[in-house]
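Here's the letter readout for the chains.
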Amino acid sequence: MVNIIFGSSGSLGSSIIQVLFKNYKNKKFLLSSRNKPNYFKNNWIKFDLNKNFKTFKYKDIECCIFLASPRYLNKNMNLKIFNQEFLWVRKVVKNINIKKLIYISSPTIYLKKHYVGGNKIKIENYLLKNKKKFETLQIWRPYNLVNTDQKSYSDHFHCLLYKIMFLEKKSKYEFLGSKLDTRGYSEINQFSKILLKNAFTKKSFVKDYGNPNGVSINKIIQLYNKYFLLKFKKVFIPSFKSKQKNINVIKKNSKSAIYSKQSSLYVLRKYLLNNLYG
């Protein structure tokens, strides 16, 4: 039997692969994606999850880490696009025998009428309904992961802000939310280490992962502005459409959660410096 990662070329996939290469050299994983990942290229299998699974030759899997998902971009924010992930998961479950399945969900399941969350909870419910198909089923809901080693720009706020300020070089921008919106950020490699530490156990669970110590959007912009001023000799001036504060931080003291202990600002500063000078 083989191990496999579906969606291996994304940010989390790249992080997990690096941790595997460093700490789990005895665990050989096949890497399945449409695009070639940055690491372990010899183990890469080009496969489009939209295609017929009859062409996929690996039918018995020891450990499957499922990361495949539409990219988090504003243009992708509709139910039809994110429903593709449910169709992919269903295909995998129906066509492959999997002993250990690890699925990456999202805390957006806690939000009402969210395009990502609505599909993620549908997938979670489907997997839990079919849990007898697996020896172990692990579902993770990570909050605001930051890949501080990779230069990749989605529409998550820390990436969007970097694009606006340092790539598009705008000195003004109006954001949809509030300057008091608060998020807790965690370094992606720390999450990958915890995921893999649990991956090869005999435990099944659903767990949240995140940083309970949040940072406001206003303070994030202050951090970015420090380097914006150094680079462009001017100050970025934001405006906001909302005055209502939104908090996207993991709940404290939850028995079904694992917590990151890093400072959110430390994680964001590391991301920022790597993109500016790395």
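Data block above holds the structure.
Right, let's walk through the structure included here. (Residues numbered from 1 in each chain as written. Predicted model: local features only at pLDDT ≥ 70, side-chain atom pairs only at ≥ 80, totals over all residues. Heavy atoms only, no water.)

Moving on, we get to the sheet that holds strand β15 (residues 257-259). Here 8 strands make up an open sheet; going across it, the order is β3-β2-β1-β4-β5-β6-β11-β15 and the pairing parallel. Since the sheet does not close on itself, it has two edges, and those belong to β3 (44-46) and β15, each with one partner. The sheet shows a mean angle of 20 degrees between the axes of neighbouring strands, taken without regard to direction. Here 5 bridges tie strand β1 (residues 2-6) to strand β4 (residues 60-66), and the two strands are oriented parallel to one another. When the bridges of β4 are listed, Ile5 appears paired with Ile65. Seen against the sheet, helix α1 (residues 11-23) touches β1, β2 (29-33), β4 and β5 (97-104) and runs at an angle of roughly 150 degrees to β1. Each of β4, β5, β6 (136-142), β11 (205-210) and β15 touches helix α5 (residues 188-199); the most contacted strand, β6, lies at about 165 degrees to it. (Pairing = 2+ DSSP bridges. Helix = DSSP H or I, 4+ residues; strand = E, 2+ residues; numbered from the N terminus. Axes fitted to C-alpha atoms, helices over the stretch in contact; angles between N-to-C directions. Contact = heavy atoms within 4.5 Å.)

The next point concerns the sheet that holds strand β9 (residues 182-183). The sheet built from 3 strands is open, its strands ordered β12-β9-β14 with mixed pairing. Here the strands that pair on one side only, and so sit at the sheet edges, are β12 (215-216) and β14 (247-248). In this structure, β9 lies alongside β14, joined through 2 bridges in parallel fashion. By the bridge assignment, Arg183 is partnered in β14 with Asn248.

Here the focus is the environment of Asn26. The residue Asn26 is located in the loop between α1 and β2 in this model. Considered as a pair, Asn26 and Lys151 are 125 residues apart in the sequence and their alpha carbons are 29 Å apart.

According to the stated counting rule, one finds 8 salt bridges in the structure shown. Linking Glu62 and Lys99 is a salt bridge whose minimum nitrogen-to-oxygen distance equals 3.5 Å. You can see Glu62 sitting in strand β4 and its partner Lys99 sitting in strand β5, a full 37 residues away along the chain. By relative accessible area, which is 23% here, Glu62 ends up partly exposed. Residue classification places Lys99 among the partly exposed residues on the basis of a relative accessible area of 25%. Two residues, Lys120 and Glu85, come together in a salt bridge whose shortest N-O distance is 2.8 Å. Of the two residues, Lys120 sits in helix α3 (residues 115-129) while Glu85 sits in helix α2 (residues 79-95), which places them 35 residues apart along the sequence. (Salt bridge = Lys/Arg side-chain N within 4 Å of Asp/Glu carboxyl O. Buried < 20%, exposed > 50% of the residue type's maximum accessible area, 1.4 Å probe, protein only.)

Another aspect to go through is the environment of Thr201. Locating Thr201 in the fold gives a position in the loop between α5 and β11. Using a relative accessible area of 22% as the deciding quantity, one classes Thr201 as partly exposed. Between the alpha carbons of Thr201 and Lys54 there is a distance of 30 Å; along the sequence they are 147 residues apart. When residues no more than four places from it in sequence are discounted, the contact partners of Thr201 are Lys100, Thr136 and Gln138.

Together, Leu229, Val235 and Ile237 line one region of the surface with nonpolar side chains, adding up to about 260 Å² of accessible area. Relative to the helices and strands, Ile237 resides in strand β13 (residues 237-240). (Patch = residues over 30% accessible without salt bridge, like charges linked within 9 Å, V, L, I, M, F, W, Y side chains within 5 Å. Areas by Shrake-Rupley, 256 points an atom, 1.4 Å probe, with all protein chains shown as cover.)

All told, the structure shown has 24 aromatic pairs when counted by the stated rule. Taken together through their ring pairs, the aromatic side chains of Phe157, Tyr162, Phe166, Tyr173, Phe175, Tyr224, Phe228, Phe232, Phe236, Phe240 and Tyr271 make up a single cluster. One Lys or Arg, Lys25, reaches over the ring of Phe21 and ends 5.7 Å from the middle of that ring. The ring of Phe86 carries the charged tip of Lys122 above its face, separated from the ring centre by 4.6 Å. (Phe/Tyr/Trp six-rings, centres within 6.5 Å; stacked < 30°, edge-to-face > 60°. Lys NZ or Arg CZ within 6 Å of the ring centre and 35° of its normal.)

The element helix α4 (residues 157-167) is largely enclosed, with a buried count of 10 among its 11 residues. Every buried residue of α4 is listed here: Phe157, His158, Cys159, Leu160, Leu161, Tyr162, Lys163, Ile164, Met165 and Phe166.

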